[in-house]
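# Breakdown of the fold
So the chains spell out like this:
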Amino acid sequence: QVQLVESGGGSVQAGDSLRLSCAASGRTFSTYTMAWFRQAPGKEREFVAAISWSGGRTYYTDSVKGRFTISRDNAKNTVYLQMNSLKPEDTAVYYCAISATSYSTTSYDTKRAYAYWGQGTQVTVSS
């Protein structure tokens, strides 16, 4: 059974940093693309960042480029999201996800590309 467990969320001030972690189990982690999505109240879940199975390719939504960094440690089955210069508009529940297909980054920014999701971790940024 695949499990994804996020941690690291919290309440911070604008300009602060947070690092989210997502620990995976139940799948050969090192062969799957991983991603972070977020969902703000009353909004659709949206893509934030993705990283290919080897870590060689990363992708970001425009609003976080230059501020967020996605990384992974395949030895620890963990993916990270380093979030710097946080803004109030970054407030959301952040979810990690593992792709449905191994060795693929096809449609990396769409929810349908991912088979399993974590329970989410809340990030609140106040001005």
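For the structure itself, look to the data block above.
A few points on the structure. (Residues numbered from 1 in each chain as written. Predicted model: local features only at pLDDT ≥ 70, side-chain atom pairs only at ≥ 80, totals over all residues. Heavy atoms only, no water.)

## Thoughts on the state of the cysteines
As enumerated under the stated definition, the model contains one disulfide in all. At a sulfur-sulfur separation of 1.9 Å, the disulfide partner of C22 is C96. Judged by the sign of its S-S torsion, about 45°, the cystine formed by C22 and C96 is right-handed. Linking C22 in strand β3 (residues 18-25) with C96 in strand β9 (residues 92-102), this pair joins segments that are 74 residues apart in sequence. Residue C22 shares its accessibility class with C96, and that shared class is buried. (Disulfide = S-S within 2.5 Å. Helix = DSSP H or I, 4+ residues; strand = E, 2+ residues; numbered from the N terminus. Buried < 20%, exposed > 50% of the residue type's maximum accessible area, 1.4 Å probe, protein only.)

## Here we look at unusual backbone geometry
Not every positive phi belongs to a glycine, and S85 is a case in point at roughly 50°. As for its position among the elements, S85 is in the loop between β8 (78-83) and β9. Of note, the phi angle at Y103 is positive, near 50°, even though the residue is not glycine. Examined against the element boundaries, Y103 turns out to sit in the loop between β9 and β10 (114-117).

## Some remarks on the sheet that holds strand β7 (residues 68-73)
The antiparallel open sheet is built from four strands, whose spatial order is β1-β3-β8-β7. Of all strands in the sheet, those bounded by a partner on one side alone are β1 (3-7) and β7. Strand-to-strand, the axes of this sheet are offset by a mean angle of 15°, without reference to chain direction. The sheet contact formed by β7 and β8 spans six bridges and is antiparallel. When the sheet's bridge partners are listed, D73 is paired in β8 with T78. (Pairing = 2+ DSSP bridges. Axes fitted to C-alpha atoms, helices over the stretch in contact; angles between N-to-C directions.)

## A look at the packing of aromatic side chains
Using the criterion set out here, one finds seven aromatic pairs in the structure. Centroid distance F37 to Y114: 5.5 Å. Interplanar angle 75°. Geometry classified as edge-to-face. Of this pair, F37 sits in strand β4 (residues 32-39) while Y114 sits in strand β10, and the two are 77 residues apart along the sequence. For the pair F37 and Y114, a shared accessibility class is recorded, and that class is buried. Taking 5.6 Å as the distance between ring centres and 85° as the angle between the ring planes, the aromatic pair formed by W53 and Y103 counts as edge-to-face. Taken together, the residues span a long stretch of sequence, with W53 in the loop between β5 (46-51) and β6 (58-60) and Y103 in the loop between β9 and β10 at a distance of 50 residues. (Phe/Tyr/Trp six-rings, centres within 6.5 Å; stacked < 30°, edge-to-face > 60°.)

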